[in-house]
Amino acid sequence: NTSFVLSKFDIDRFKLINKTFGYIACDRIINNIAKALDVMIVGDKERYARANVDEFIILCENNERITDLQDKFLQNFFELMGKNFNYNIKFPTGYYIVDAGSEREDISSMVEKANIAHRRAKQLGMKLCIYDDEIVREALAKKEIENKMERALHDREFKVYLQPKYELQNECNVGAEALVRWQPTCGDMIYPNN
């Protein structure tokens, strides 16, 4: 009868950070993430785990503190890193809220939902993203388009359009930008922003 939040985050551009600062500095970053999470985890039902090289999963009780959690984590982490550490590390985070009294759900399904929200946070450059019905609709719509694209490619529904590049000084065409447009055999043209 408790509401929980399952969250997943990673270190944005971790490979670049690793190349820039080296393994020792990255080990310090990972260790300080763990220390910052130790301070955050307060309940005896709350846990965190390092899921991959730079990925962490947190399970904590939901008492309306989702944004507070991230702010507290960031504050703790940067305090541990010290004043001399001035690299702006970002931790895009996906949240999945498990409401009290909801149907039982296996952990892998919950983690996948947090993953979906995490991927969206990364794609949109967001600090955090909460899994909801809108994300599901968008993911299904994207998958449907991907499936249709396979067939459209086979049916040669993609057309190349050349947009001229015009040089005003010499008043002549100096090249063209190739644009691909999707023209289904039945229906209106599908533009990239659809």
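Everything below is about the structure shown above.
Residues numbered from 1 in each chain as written. Predicted model: local features only at pLDDT ≥ 70, side-chain atom pairs only at ≥ 80, totals over all residues. Heavy atoms only, no water.

**Brief notes about the overall build of the chain**
Piece 1. When helices and strands are tallied, the chain shows five helices and seven strands.
Piece 2. The secondary structure elements of the chain, listed N-terminal to C-terminal, are β-α-α-β-β-α-β-α-β-α-β-β.
Piece 3. A compact globule built from 194 residues would reach a C-alpha radius of gyration of about 16 Å, whereas the chain, at 23 Å, exceeds it by more than 25%.
Piece 4. Burial status across the chain gives 33% buried among its 194 residues.
Piece 5. Counted over contacts in the chain with a minimum sequence separation of 6, partners at least 24 positions apart contribute 58%.
Piece 6. As displayed, the chain has an accessible area near 13,300 Å², and 51% of this comes from carbon and sulfur atoms.
Piece 7. Averaging the positions of the 28 positive and the 31 negative side-chain charges in the chain gives two centres separated by 5 Å. (Helix = DSSP H or I, 4+ residues; strand = E, 2+ residues; numbered from the N terminus. Rg over C-alpha atoms; globule rule 2.2 N^0.38 Å. Buried < 20%, exposed > 50% of the residue type's maximum accessible area, 1.4 Å probe, protein only. Contact = heavy atoms within 4.5 Å. Areas by Shrake-Rupley, 256 points an atom, 1.4 Å probe, with all protein chains shown as cover. Lys, Arg positive; Asp, Glu negative; His and termini not counted. Charge placed at Lys NZ, Arg CZ, Asp CG, Glu CD.)

**Focus on the packing of helix H2 (residues 23-40) against helix H3 (residues 66-81)**
Piece 1. Contact geometry of H2 with H3 gives a least axis separation of 8 Å together with a crossing angle of 135°. In terms of their interaxial angle, H2 and H3 are classed as oblique. In this structure, H2 meets H3 at a crossing whose hand is right-handed. Listed contacts from H3 to Arg28, Ile29, Asn32, Ile33, Lys35, Ala36, Leu37, Val39 and Met40 of H2 are Leu69, Lys72, Phe73, Asn76, Phe77, Leu80 and Met81.
Piece 2. A per-class count over the contact of H2 with H3 returns 11 nonpolar, two polar and three charged. (Axes fitted to C-alpha atoms, helices over the stretch in contact; angles between N-to-C directions. Parallel < 35°, antiparallel > 145°, perpendicular 65-115°, else oblique. Left-handed = near helix turned anticlockwise from the far one by under 90°. Nonpolar A, V, L, I, M, F, W, Y, C, P; charged D, E, K, R; others polar.)

**Observations concerning empty space enclosed by the protein**
Piece 1. Counted by the stated rule, this structure contains one cavity of 30 Å³ or more.
Piece 2. Reported here for the largest cavity is a volume of approximately 100 Å³.
Piece 3. Ser7, Phe9, Leu37, Met40, Ile58, Cys60, Leu69, Gln70, Phe73, Phe91, Thr93 and Tyr95 together form the lining of the largest cavity.
Piece 4. Elements with a minimum of two residues in the lining of the largest cavity: strand E1 (4-10), H2, strand E3 (55-61), H3 and strand E4 (93-98).
Piece 5. The residue makeup of the lining of the largest cavity, split by class, is nine nonpolar, three polar and no charged. (1 Å grid on protein atoms, 1.4 Å probe; cavity = no way out; pocket = protein on both sides within 12 Å on 5 of 7 lines; lining within 4 Å. Points joined across faces, edges and corners; volume = space filled by probe spheres on them.)

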